[in-house]
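Now for the letters of each chain:
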Amino acid sequence: MNWEQWKTGLWQWRGVWITAPTVTLIVILLRWAGLLQALEWSAYDQFLRLRPAAETDSRIAIVGITEDDYRQLEQVILPDQIYADLIRKLNAQDPLVIGLDIYRDQPVNPGHQELVEVFETTPNLIGIEKVIGDRARETVGPPPVLAEKGQIASNDVIRDADNKVRRGLIGVFRGENGEEFFPSFAFYLAASYLQSQDIGINLLESEDPNSNWWEYALGETVIPRFRAHDGGYIRAEDGSYQVLLNYRGGANLFEMVSLMDVLDNNIPDDWATDRIILIGAVGESSNDFFFTPYSSGLLSLPELMAGVEVHANLTSQLLSAVLNDRPFIRTLPEAVEWLWIFFWAGVGSTVAWTMRHSGSTQNQLVKQIGGLAFAGICLWGSAYIGLVYSWWIPVIPSFVALILSTGSITAYIARTAGDIRKTFGRYLTDEVVSTLLENPEGLKMGGERRKITIFTSDLRGFTALSERLSPEEVVKILNFYLGYMADTITTYQGTIDEFMGDGILVLFGAPVPREDDSRRAIACAIAMQQAMKTVNVQMREWGLPDLEMGIGINTGEVVVGNIGSEKRTKYGIVGSQVNLTYRIESYTTGGQILVAENTLKEAGPDIKINGEKEVMPKGVKEPITIYDIGGIGGEYNLFLEKEEEVFLPLKEPLFLRYTVLDGKHISKDTLPGQLLQLSEKGAYITLKGGEQENGKSPTVTEDNPPPEKPEPLKNIKLVFVNLGDTPELQEDLYAKVLEKESQEDGGFYIQFTSKPPRINEKLQQLYDNLKQ
């Protein structure tokens, strides 16, 4: 591929190359500013709620202190005696570890000393301390006895700006330089459980070469440390050792019994055996509840989760990662997330750019919305599937990039369309407008030499018809007729260069060249002739005569481009081949299609030819052969109905006078003749015995020979002398001389191109009588 091809390709796809990186940069800046964080959190929460819930983790159970427990004990603050009895009963069932999620830094009598003894004699008991926050107002000390034994952990919970818990603590770094690692409640519980299975804690250097952090591992399972920009977070506080919480599901997912169930021995004797038992308040008055991603659905009220359940979820997450290979929530590197945003910006701009000339504006909009909807489903679907497999792939920034890129391209196309209309008017198809935009030189003045197929059509006798109608009726007929023809031309991808009254100039091969231009032009011509049936049905409903159209087609080199001035420009063609096309069309009769030989050669096979003729148009040095087209096979399979004209002899000849037309000029010579035969659309005229002004036929002698008959394909104007005395029967008719072989009397055949209504009615009546 050479440089010019690269240049053309870059220009043709300029909308994508410019829009995708620009939108990506804008979205990254929006994201960096934190404007998309809340939406991304909401999307993440929704995906978690839609994700199938994990099975209940039987290794963990909860003793929940309920409001009913408070009522039965008739105490709002439970004394130490209750907790001492509870722990003794649970420990008697040999649990692997007991986690007391109740603050006990101060004695609550009665029973404090008894609880201290329980603390001293229960090595598998872990208490809590709140260590994060202001020391005077937010921290809570540990039970002193458990603190001395090192059986204390942090029960701090990390809440995001929307007050939801999406992250969990593995440990807190304390000391002046953060050198002391203080484990979290869940981490201590999980580590104690795993220690019973000979799985210990390992300290590993971070795999990130730019980080001085160390990472903890349980056995060989590394706990991925949360970073400030992981997932949907922007500049989050990533102090201490945090991890993204991979909840098993919503609230009440773990097996739970009440405090009184244990105290009253209403649980099985082995209920706590070899399990992690958490003790915590689940009653409303405890205020130990948190919002989580499962707290609110689209149609449901918020559902809070008890703090002890949050710790149970993180404990289960650590155990499942080590023992069941359940993955942690993983995130993409920031650079990969940027590429993901860029990819969807590219998808959006590509969808809009490739559909910019998909027919009408409405059709274009429908296709763009459809393409955008499909791309959006793919984006959201991939993000959801990613989370099912524990990958947090940010969806909101990518979706914003998809919407912005599509909107940007659409806005660009709308603005450019306005510029194109100023330059080209209303004569180009949507595809032509788009193609001109593809070419960097498309809007400049000037042209290029190119071989194209030129197509012109004209209504036979319409000028004479329009003289008898009001201007409003003429415009109504033209708009109706041209509307049908324009639709057909567009279907066959022709470019309407100009409407000239009832004539149409169409280009095949400009500005978009195609290999089958000549073939499509012929197919288009046949389809237009077939469409005339529908047009004439309406003409009859309006009480008007049928319209007949002739079509000429030629292929040759012309200059095509923007012609005019900076204020008014026309996309058109110039050259002798244009004039030749008009000459070819002038030889047609109503319903006929004539094509030049070079057009026929390029049209390919399956062209039906009714006949051929050699003509010598003006401006051409050598005679040319033109062909009468009857149909086209192959992929189009279009054929014209051939109606054989039946000429019937009149009982009495009709005397007439005729004048030969030379283009738009009328000859000064008026010649006599007789109409001897009549058909549906034509007649046979002889030059002998034309009536003179005295009503008698002239005598043909050597000194007074009959006039020469007009050449085939010439147009004539004629008027009847003896058809009737009323003015309506003495109006002008127009006809074309046919090539049909004449009889011995030297006459000629004609096909009428325009007949006044009264004369048409009279001739039709004569012909109907002849048929009888």
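Residues numbered from 1 in each chain as written. Predicted model: local features only at pLDDT ≥ 70, side-chain atom pairs only at ≥ 80, totals over all residues. Heavy atoms only, no water.

1. Let's talk about the overall build of the chain
Consideration 1: A count of helical and extended segments in the chain gives 20 helices and 32 strands.
Consideration 2: Relative to its full complement of 772 residues, the chain shows a buried share of 50%.
Consideration 3: Restricting the contact set of the chain to residue pairs at least 6 apart, pairs at least 24 apart contribute 71%.
Consideration 4: Here the chain has roughly 37800 Å² of accessible surface; of this, 53% comes from carbon and sulfur atoms. (Helix = DSSP H or I, 4+ residues; strand = E, 2+ residues; numbered from the N terminus. Buried < 20%, exposed > 50% of the residue type's maximum accessible area, 1.4 Å probe, protein only. Contact = heavy atoms within 4.5 Å. Areas by Shrake-Rupley, 256 points an atom, 1.4 Å probe, with all protein chains shown as cover.)

2. Things to note about the confidence of the model for the chain
Any residue range with low pLDDT should be treated as having predicted coordinates unsuitable for detailed reading.
Consideration 1: Mean pLDDT for the chain: 87, with 88% of residues reaching 70 or above.
Consideration 2: Of the regions scoring below 50 in pLDDT, residues 692–697 engages in nine contacts with residues more than four places distant in sequence or in other chains. (pLDDT = per-residue confidence, 0-100.)

3. Overview of the nonpolar core
Consideration 1: Ranked by internal contacts, the top residues of the largest apolar core, which has 69 residues, are I170, L218, I223, I276, L278 and L318.
Consideration 2: For L318, the residues in contact, after removing those within four places along its chain, are I170, A186, F187, A190, L218, I223 and F328.
Consideration 3: Within the second largest apolar cluster, 46 residues are counted, among which are F462, L465, V535 and L544. (Core = buried A, V, L, I, M, F, W, Y, C linked by side-chain atoms within 4.5 Å.)

4. Remarks on the environment of V97
Consideration 1: Mapped onto the fold, V97 is located in strand 2 (residues 97–101).
Consideration 2: A sequence separation of 178 residues divides V97 from R275, and the C-alpha atoms of the two residues are 6.9 Å apart.
Consideration 3: Not counting chain neighbours up to four residues away, the residues in contact with V97 comprise N124, I126, L189, S192, R275, I276 and I277.

5. Quick look at the pairing of strand 8 (residues 214–218)
Consideration 1: Of all five residues that make up strand 8, four are buried, and the element is covered over most of its length.
Consideration 2: Note that strand 7 (residues 201–205) and strand 8 share five bridges and pair antiparallel. The partner of L204 across the bridge, within strand 8, is E215.
Consideration 3: Of the strand pairs in this sheet, strand 8 and strand 9 (residues 221–222) are connected by two bridges, and their pairing is antiparallel. Within strand 9, the residue paired with A217 across the bridge is V222.
Consideration 4: Count of turn residues in the strand 8/strand 9 antiparallel hairpin: two residues, of which G219 carries a positive phi of about 70°. (Pairing = 2+ DSSP bridges.)

6. Considerations on the sheet that holds strand 11 (residues 255–258)
Consideration 1: Taken in spatial order, the six strands make up an open sheet running 4-3-2-12-1-11, and their pairing is parallel. On the outer flanks of this sheet lie strand 4 (152–154) and strand 11, each paired with one strand and no other. Put simply, the sheet's adjacent strands are angled 25° from each other on average, direction ignored.
Consideration 2: Examined bridge by bridge, strand 1 (residues 60–65) and strand 12 (residues 276–281) share six bridges and lie parallel to one another. Counterpart to I65 in the pairing with strand 12 is A281. (Axes fitted to C-alpha atoms, helices over the stretch in contact; angles between N-to-C directions.)

7. Observations regarding a nonpolar patch on the surface
Consideration 1: On the surface, I385, V388, Y389 and W391 cluster together into a nonpolar patch covering about 400 Å² of accessible area.
Consideration 2: Inspection of the secondary structure assignment puts W391 in strand 16 (residues 391–392). (Patch = residues over 30% accessible without salt bridge, like charges linked within 9 Å, V, L, I, M, F, W, Y side chains within 5 Å. Salt bridge = Lys/Arg side-chain N within 4 Å of Asp/Glu carboxyl O.)

8. Some points on the sheet that holds strand 6 (residues 180–183)
Sheet strands associate in pairs through backbone hydrogen bonding, adopting either a parallel or an antiparallel arrangement.
Consideration 1: Spatial ordering of the open sheet is given by 6-5-10, a layout of three strands whose pairing is antiparallel. Two strands close off the open sheet at either side, each with one partner strand: strand 6 and strand 10 (241–244). For this sheet, the mean inter-axis angle between neighbouring strands, taken without regard to orientation, is 20°.
Consideration 2: Bridging between strand 5 (residues 167–174) and strand 6 involves four bridges; their strand directions are antiparallel. Bridge pairing links G171 to P183 in strand 6.

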